[in-house]
Amino acid sequence: MNPDLSWVLNDLIQVPGARHAILVSADGLLLASSSEIGRDDAETVAAAMSSMQSLSRAVAPFIGAQAPGRWRQTLLEYDHGWIFLIAAGTGAYLAAAAAADVDMEAMSFRMQQQVTALGKAMTTPPRQDAGIDV
């Protein structure tokens, strides 16, 4: 069972312009969400963010380097805002939505602070076989 991490996500959205934050497992399960987003919306976004990080890794060779290295973050820009997606430990990702005028450096820095501060608490091990015979 994961500890309640909503306080971390609520702290993250204290950055002026930040709107929502979610913690996602690598397989798309919602682990925690800030209080400003409903559970159904957060679960939908969690599944999409898991796919987004997978796509981001798949296109890494497009940067042209012999060895593109480790994926660090994905930014999505829209007319009215941004979505930030970063690794948050083994098997977990932190996603946040922000207004178009958010201080991107402050947002990225706060996200990294939260991930660093929580370390193992934000790490999700891969799901194990539930012992059900198929």
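Model, not experiment: these values are computed from the prediction.

Enquirer: Just checking my understanding: could you explain the pairing of strand 4 (residues 81-87) for this structure?
Expert: Every regular strand shows the same layout, with side chains that alternate between the two sheet faces. Across the 7 residues that make up strand 4, a large majority, 5, are buried. Summarising the sheet, strand 3 (residues 73-78) and strand 4 pair through 6 bridges and their orientation is antiparallel. Along strand 4, the bridge assignment pairs Leu-75 with Phe-84. Hairpin connection from strand 3 to strand 4: 2 residues lie between these consecutive antiparallel strands. As paired elements, strand 4 and strand 5 (residues 92-99) share 7 bridges and run antiparallel to each other. Each bridged residue has a counterpart across the sheet, and for Phe-84 the counterpart in strand 5 is Ala-96. The antiparallel pairing of strand 4 with strand 5 creates a hairpin that spans 4 residues between the two strands, and Gly-89 there sits at a positive phi of about 105°.

Enquirer: Please clarify how the side chain of Thr-74 should be interpreted in this entry.
Expert: Of note, Thr-74 is situated in strand 3. For Thr-74, a relative accessible area of 10% gives the class buried. Polar contacts involving the side chain of Thr-74 include one to the side chain of Ser-56, which spans 2.6 Å. With residues up to four places along the chain from it excluded, the contact list for Thr-74 reads Met-52, Ser-56, Ile-83, Phe-84 and Leu-85.

Enquirer: Before we go on, may I ask you to explain the UniProt feature "transmembrane region" (unreviewed entry) in the protein in this structure?
Expert: Residues given the UniProt feature "transmembrane region" (unreviewed entry) here are residues 81-102. Taken as a whole, residues 81-102 contains 0% helix and 68% strand, while its terminal C-alpha atoms sit 8 Å from one another.

Enquirer: Which parts of the structure should I look at to understand the sheet that holds strand 1 (residues 18-25)?
Expert: Remark on secondary structure: sheet strands pair via backbone hydrogen bonds, oriented parallel or antiparallel. Strand order in the open sheet formed by 5 strands is 2-1-5-4-3, with antiparallel pairing between adjacent strands. The open sheet terminates on both sides in strands that have one partner only, identified here as strand 2 (30-33) and strand 3. Each strand axis lies, on average, 15° off the axis of its neighbour in the sheet, ignoring direction. Looking at chain direction, strand 1 and strand 5 are connected through 7 bridges and run antiparallel. Within strand 5, the position partnered with Ser-25 by the bridge is Ala-92. Relative to strand 1, helix 2 (residues 39-58) is tilted by about 70°, and along the sheet it contacts strand 1, strand 2, strand 3, strand 4 and strand 5.

Enquirer: Which parts of the structure should I look at to understand the packing of aromatic side chains?
Expert: The relation between two aromatic rings is expressed through the spacing of the ring centres and the mutual angle of the planes. Under the counting rule described, the total for this entry stands at 1 aromatic pair. Considering the side-chain rings of Trp-71 and Tyr-93, the 5.7 Å spacing of their centres and the 70° angle between planes classify their relative orientation as edge-to-face. On the criterion of sequence distance, the pair formed by Trp-71 in the loop between helix 2 and strand 3 and Tyr-93 in strand 5 is long-range, its members being 22 residues apart. Given a relative accessible area of 7%, Tyr-93 falls into the buried group.

Enquirer: Got a minute to help me understand the pattern of salt bridges in this structure?
Expert: Two side chains bearing opposite charge may form a pair once their charged atoms approach each other closely. Within this structure, the stated rule accounts for 2 salt bridges. The salt bridge partner of Asp-11 is Arg-110, with a shortest N-O separation of 3.8 Å. Taken as a pair, Asp-11 in helix 1 (residues 6-12) and Arg-110 in helix 3 (residues 104-118) lie far apart in primary sequence, 99 residues in all. For Asp-11, a relative accessible area of 31% translates into the label partly exposed. A residue is classified by how much of its surface remains accessible, and Arg-110, at 22% relative accessible area, is partly exposed. Taking the shortest distance from any N to any O, the salt bridge between Arg-39 and Glu-43 comes out at 3.0 Å. Remark: Glu-43 and Arg-39 occur in helix 2; sequence separation between them is 4 residues, near one turn of the helix.

Rules and cut-offs
Residues numbered from 1 in each chain as written. Predicted model: local features only at pLDDT ≥ 70, side-chain atom pairs only at ≥ 80, totals over all residues. Heavy atoms only, no water. Buried < 20%, exposed > 50% of the residue type's maximum accessible area, 1.4 Å probe, protein only. Helix = DSSP H or I, 4+ residues; strand = E, 2+ residues; numbered from the N terminus. Pairing = 2+ DSSP bridges. Polar contact = N/O pair within 3.5 Å; in protein donor to acceptor, adjacent residues only side chain to side chain. Contact = heavy atoms within 4.5 Å. UniProt positions renumbered as here; feature names shortened; annotations may be inferred. Axes fitted to C-alpha atoms, helices over the stretch in contact; angles between N-to-C directions. Phe/Tyr/Trp six-rings, centres within 6.5 Å; stacked < 30°, edge-to-face > 60°. Salt bridge = Lys/Arg side-chain N within 4 Å of Asp/Glu carboxyl O.

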